[in-house]
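Spelled out from the first residue to the last, the chains are:
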Amino acid sequence: MIVTTTKGDMDDSLLEKREGSLDNDIEYTTWTEYWLDGELVHRSAHVRLKTSPALFAEAAQFA
Amino acid sequence: MANTQAMCTSFMGELLTATHNFTTSTGNTFKAALYLASATLNASTTAYSATGEVTGTNYTAGGVTVTNGTSPSSTNSSTTAGVGYWTPSASLVYTTVTLSTAFDTVLIYNSSASNKAVSVHTFGSQTVTAGTFTLTMPSNTTTTALLRLATT
């Protein structure tokens, strides 16, 4: 697979791939990094939001 | 400083003056800009500003246009309560960018109405290197939609 890097497009067989994730109440996030000789040459991230702030409204009651 | 997830207070007032129209196709155009983790966006944010916005290769100031394929919905949960809600219909995608300074926030704002702010959404701090940053929206339901106006 060809990967876009800071060195130009490269075959992923030439690179070290590292992946990670984060999962909490707000998001599920994954990221993929490619390293070349100890240098980070590509990092992508995908954040999936789970929820968001709600606005609460009310109608006043006549006394 | 830090960013704080919030519905913008000015947006709440502007709802009462019909400033924002989330109707698909005929409504306003909304955009999504990314902000550095060192920025200070919160409920007090009133409009888009380039201050604190990310900069980097292939990132355009102001961010990307929000895809709005589904108009807002509303559902009653009882005789006295209900929820109005809306969520962008597609992920926000920043393609082949390099954003070297950590960012953790997206501001949704109305580019059809003087860039007035809608909401601030935070996530874990990220950087991107010659890659794509994708922000996938929550499910468009009464409990998880991106924007929810509720009575209880």
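Preceding block: the structure.
Residues numbered from 1 in each chain as written. Chains lettered and ligands numbered in written order. Predicted model: local features only at pLDDT ≥ 70, side-chain atom pairs only at ≥ 80, totals over all residues.

## Notes on the overall build of chain A
- For chain A, the count of helices and strands is 0 helices and 6 strands.
- In sequence order, chain A lays out its α and β elements as β-β-β-β-β-β.
- Along the three orthogonal principal directions, the C-alpha set of chain A runs to about 75 × 20 × 20 Å.
- Put simply, chain A has 63 residues, and 22% of those count as buried.
- Of the contacts made within chain A by residues no fewer than 6 positions apart, 22% connect residues no fewer than 24 positions apart. (Helix = DSSP H or I, 4+ residues; strand = E, 2+ residues; numbered from the N terminus. Buried ≥ 20, exposed ≤ 12 C-beta atoms within 10 Å, placed from the backbone. Contact = placed C-beta atoms within 7 Å.)

## A short note on the environment of Ser-77 of chain B
Residue and element names in this part refer to chain B.
- Along the chain, Ser-77 falls in the loop between β4 (73-76) and β5 (82-86).
- Placed 74 residues apart in sequence, Ser-77 and Thr-151 show a C-alpha to C-alpha distance of 9.2 Å.
- Among residues more than four places away in sequence, those in contact with Ser-77 are Gly-82 and Val-83.

## Some details on the interface of chain A and chain B
- Contacts between the two partners involve 26 residues from chain A and, on the opposite side, 29 residues from chain B.
- At the level of secondary structure, the elements contributing two or more residues to the side of chain A that touches chain B comprise β1 (2-5), β4 (27-36), β5 (39-49) and β6 (54-56) of chain A.
- A class-by-class count of the residues in the side of chain A that touches chain B yields 12 nonpolar, 9 polar and 5 charged.
- Bridge analysis of β6 of chain A against strand β8 (residues 147-151) of chain B gives 3 bridges, and the strand direction is parallel. Among the inter-strand pairings, Leu-55 of chain A is bridged to a residue of β8 of chain B, identified as Leu-149 of chain B. (Nonpolar A, V, L, I, M, F, W, Y, C, P; charged D, E, K, R; others polar. Pairing = 2+ DSSP bridges.)

## Brief notes about the pairing of β5 of chain A
All names here are of chain A.
- Direction of pairing for β4 relative to β5: antiparallel, over a ladder of 10 bridges. Each residue of the ladder has a partner; that of Thr-32, found in β5, is Ser-44.
- Hairpin connection of β4 to β5: 2 residues between the antiparallel strands, including Asp-37 at a positive phi of 50 degrees.

## A few points about the sheet that holds β5 of chain B
- If you trace the 4 strands from one edge of the open sheet to the other, you get β6(A)-β8(B)-β5(B)-β4(B), paired in mixed fashion. Only two strands of the sheet have a single partner each, and these edge strands are β6 of chain A together with β4 of chain B. Strand-to-strand twist across the sheet, computed as the mean angle between neighbouring axes with direction ignored, equals 20 degrees.
- Of the strand pairs in this sheet, β4 of chain B and β5 of chain B are connected by 4 bridges, and their pairing is antiparallel. Pairing of Ser-74 of chain B across the sheet is with Gly-84 of chain B, part of β5 of chain B. (Axes fitted to C-alpha atoms, helices over the stretch in contact; angles between N-to-C directions.)

## Some words on the pairing of β5 of chain B
Residues and elements named next belong to chain B.
- Linking β4 to β5, which pair antiparallel, is a turn of 5 residues.
- Where β5 meets β8, 5 bridges bridge the pair, whose relative direction is antiparallel. Residue pairing for β8: Val-83 is matched across the bridge by Ala-150.

## Some thoughts on the nonpolar core
- In this structure, Tyr-35, Val-106, Leu-107 and Ile-108 of chain B are the most contacted members of the largest nonpolar core, which totals 43 residues.
- At the level of elements, β5 of chain A together with β1 (6-7), β2 (30-36), β5, β6 (92-110) and β7 (116-136) of chain B are the ones that each hand at least two residues to this core.
- Excluding anything up to four places from it in sequence, Val-106 of chain B contacts Ala-32, Ala-33, Leu-34, Leu-92, His-121 and Leu-135 of chain B. (Core = buried A, V, L, I, M, F, W, Y, C linked by C-beta atoms within 7 Å.)

## Things to note about the environment of Val-41 of chain A
- Its place among the elements puts Val-41 of chain A in strand β5.
- With 22 C-beta atoms counted inside 10 Å, the residue Val-41 of chain A sits in the buried group.
- In sequence terms Val-41 of chain A and Asp-9 of chain A are 32 residues apart; their C-alpha atoms lie 10 Å from each other.
- Sequence-distant contacts of Val-41 of chain A, defined by excluding residues within four places in its chain, comprise Thr-5, Thr-6, Lys-7, Leu-15, Tyr-34, Trp-35 and Leu-36 of chain A together with Thr-129 and Ala-130 of chain B.

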